[in-house]
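Listed here are the chains, written in short residue letters.
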Amino acid sequence: MKHLLIIISLVTIFSCEKKEQENIVFFEDFNTENLNETHWNYELGNGCPNLCGWGNNERQYYTKENVSIKDGNLVITATKDSTKYYSGRITTKDKVEFTYGTVEVKAKLPLGHGLWPAIWMLPATKKIWPIGGEIDLMESMGNEIGSGYSMNYRTVSSALHYGYNESLFPILFTPFAEKIQEETFDRYNLDNYWHNITLIRQPDNLIIKVDNTETLNCDKLFRAAARKQSSNSLYRQ
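Reference entry: report on the structure contained in this document. (Residues numbered from 1 in each chain as written. Predicted model: local features only at pLDDT ≥ 70, side-chain atom pairs only at ≥ 80, totals over all residues. Heavy atoms only, no water.)

Observations regarding the side chain of Glu-139
Which entries qualify depends on this criterion: Going along the chain from the N terminus, every DSSP run of H or I of four or more residues is numbered as a helix, and every run of E of two or more is numbered as a strand. Counting of polar contacts relies on pairs of N or O atoms within 3.5 Å, with two restrictions inside protein: one atom must be capable of donating a hydrogen and the other of accepting it, and residues adjacent in sequence are counted only when both atoms are side-chain atoms. Any two residues having at least one pair of non-hydrogen atoms within 4.5 Å are treated as being in contact.
Its location among the elements puts Glu-139 in strand β11 (residues 134–139). Engagement of the side chain of Glu-139 in a polar contact is seen with the side chain of Trp-116, the distance being 2.8 Å. Here Glu-139 is in contact with Trp-116, Pro-117, Ala-118, Thr-155, Val-156 and Ser-157, once residues within four sequence places are set aside.

Some details on unusual backbone geometry
Basically, it comes down to this: The rule is simple: take the accessible area with a 1.4 Å probe, protein chains only, and divide by the maximum for that residue type; under 20% is buried, over 50% is exposed, in between is partly exposed.
For the bond running from Cys-48 to Pro-49, omega is 5 degrees, close enough to zero to count as cis. If you trace the backbone, Pro-49 turns up in the loop between β3 (41–42) and β4 (60–62). We note that Phe-30 has phi near 55 degrees; this positive angle belongs to a residue other than glycine. Mapped onto the fold, Phe-30 is located in the loop between β2 (23–28) and β3. Given a relative accessible area of 2%, Phe-30 falls into the buried group. One non-glycine residue, Asp-211, lies in positive phi territory at about 55 degrees. As for its position among the elements, Asp-211 is in the loop between β15 (205–210) and β16 (213–217).

Points about the state of the cysteines
The condition is simple: Two cysteine sulfurs form a disulfide in these notes if their separation is within 2.5 Å.
For the structure shown, the criterion picks out one disulfide. Here Cys-48 is linked by a disulfide to Cys-52, with a sulfur-sulfur distance of 2.0 Å. Its S-S torsion of approximately 135 degrees makes the covalent link between Cys-48 and Cys-52 right-handed.

Notes on the packing of aromatic side chains
Let me state the cut-off plainly: Whether two aromatic rings pair depends on their centres lying within 6.5 Å, for rings of Phe, Tyr and Trp, where Trp uses its six-membered ring; planes under 30 degrees apart make the pair stacked, over 60 edge-to-face, and the rest tilted. For a lysine, the NZ atom is tested; for an arginine, the CZ atom; a charge sits over a ring if that atom is within 6 Å of the ring centre and within 35 degrees of the ring normal.
A complete count under the given rule lists four aromatic pairs for this structure. Their ring planes at 55 degrees and their centres at 5.6 Å tell us that Trp-54 and Tyr-62 sit as a pair that is tilted. Exposure remark for Trp-54: the relative accessible area of 14% places this residue in the buried category. Residue class for Tyr-62 comes out buried when judged on its relative accessible area of 7%. An aromatic cluster is built from Phe-26, Phe-30 and Trp-40, whose rings are joined through pairwise contacts. It is Lys-84 that lies over the ring of Tyr-61; its NZ or CZ is 4.7 Å from the centre.

A word on the pattern of salt bridges
Heads up, the condition is: Salt bridge, as applied in this entry: a Lys or Arg side-chain nitrogen positioned within 4 Å of an Asp or Glu carboxyl oxygen.
Summed over all chains, the structure comprises two salt bridges. Residue Arg-89 is joined to Glu-43 by a salt bridge in which the shortest nitrogen-to-oxygen separation is 2.6 Å. Of this pair, Arg-89 sits in the loop between β7 (85–87) and β8 (90–91) while Glu-43 sits in the loop between β3 and β4, placing them 46 residues apart in sequence. By relative accessible area, which is 18% here, Glu-43 ends up buried. With its nearest N and O atoms 3.9 Å apart, the salt bridge here joins Arg-89 to Glu-58.

If you want it as structure tokens, here you go:
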């Protein structure tokens, strides 16, 4: 059985109603024996029957056993047997939500074919995706190599997705708008070392950074279009 890990050591959310003030509204250092279900939910299975493949054609089956706390770290382990792939997925839905502020996550991102670690957010409202919006702090394919670079580089992307024609739902394949940016990093550095992933969300701006490298910045023109659909409270995936 092969084991591949995504490890997160720290999650912090700051509210910032005024620029000169920051207040920690949520802090998680995973300093418990088991996952704290006061703050976190397990998502289990393969999404069927309502959303088979979780809307992304995913092949894995989510279990509690693939999520663990070790040495003050959240460890999500991908495994397989002769018939299935297994992994873990947790959210803060209906437990920890915020609108504007800063989110900081410290994580290691695994290498490996078929792996796609992601840290992302969905709206706390009940609107159908993508009308409510989606913020992807980080996604990185474990076997992807940065275009035009040597074998030692790997891309990390951040994105904001949002729907713009609510009247067309629930028609399938309704168009939606998005802004995606990618940056390249040393592929082995992502796997072996801790990285700080930061989202700064304000009424008129949205910035995401991996360490000190900006991976998403919504310009004024984009913000004007996105603000109508993306001004909702969010929970963390």
